[in-house]
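# Architecture and fold: a report
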Amino acid sequence: MIHVVIEWRANQPRWVQIAAVIKQRIDGGVYAIDEQVPSEHQIVQEFGVARGTARKVLVRLREEGVVYAVRGLGNFVANPTMDDQ
């Protein structure tokens, strides 16, 4: 696993910054459509944040339609061309 070093910006919550990193990875092809994104535990380990912070990251990405959740399996990259119905 790659350990990311982030220079945290004081004017933005860490969960917002981590969500931006994951979105950049999706845009850059690190995570493909329908591929699993890091779990809460993996976010905690990689970014050195609390579990609640990691949970906020995933909630935010789901709310924005960037990822979707499959109960018991995790969160996966959403297809940006599909309409929310």
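Remember, predicted model here, so these are calculated numbers, not experimental data.

### As for the overall build of the chain
Secondary structure summary: the chain contains three helices and two strands in total. Reading the secondary structure of the chain in the N-to-C direction produces α-α-α-β-β. Residues counted as buried form 33% of the 85 residues belonging to the chain. In the chain, the share of contacts with a sequence separation of at least 24, taken over all contacts with a separation of at least 6, comes to 50%. Accessible surface, the chain: about 5800 Å² in total, of which carbon and sulfur atoms supply 50%.

### Let's talk about the pattern of salt bridges
All told, the structure shown has five salt bridges when counted by the stated rule. Across the pair K23 and E64 runs a salt bridge, and its minimum N-O distance is 2.8 Å. Placement of the pair is K23 in helix α1 (residues 14-27) and E64 in the loop between α3 (51-63) and β1 (67-70), with a sequence separation of 41 residues. Judged by its relative accessible area of 27%, K23 falls in the partly exposed class. Put simply, E40 and R55 hold a salt bridge, and the shortest N to O gap is 3.3 Å. One end of the pair, E40, is in helix α2 (residues 40-47); the other, R55, is in helix α3, and 15 residues separate them in sequence. What makes E40 buried here is its relative accessible area of 18%. For R55, a relative accessible area of 39% corresponds to the partly exposed category. Several salt bridges converge on common partners, so that one network encompasses K23, R60 and E64.

### Re the pairing of strand β2 (residues 74-77)
Examined bridge by bridge, β1 and β2 share four bridges and lie antiparallel to one another. Bridging across to β2, Y68 finds its partner in F76. With antiparallel pairing between neighbouring strands as the criterion, β1 and β2 make up a hairpin whose turn holds three residues, including G72 at a positive phi of roughly 85 degrees.

Cut-offs and rules
Here the residue index of a chain counts from 1 through its sequence in written order. This being a predicted model, a pLDDT of at least 70 is required before a residue's local features are given, and a value of 80 or more before pairs of side-chain atoms are given or counted; all residues contribute to the totals for chains, interfaces and linings. Computation of side-chain values covers all heavy atoms of the structure but excludes hydrogens and water. In DSSP terms, a helix is any run of H or I states spanning at least four residues, a strand is any run of E spanning at least two, and both are numbered starting from the N terminus. Burial here depends on accessible area, computed with a 1.4 Å probe over protein chains only, as a share of the maximum for the residue type. Under 20% is buried, over 50% is exposed, and the range in between is partly exposed. Note on contacts: a residue pair qualifies if any of its non-hydrogen atoms lie within 4.5 Å across the two residues. Throughout, the Shrake-Rupley method with a 1.4 Å probe supplies accessible areas, and for residues the shown protein chains are the sole cover considered. By convention in these notes, a salt bridge is any Lys or Arg side-chain nitrogen within 4 Å of a carboxyl oxygen on Asp or Glu. Two strands qualify as a pair provided that DSSP identifies no fewer than 2 bridges between them.

None of this, on its own, says anything about what the molecule does.
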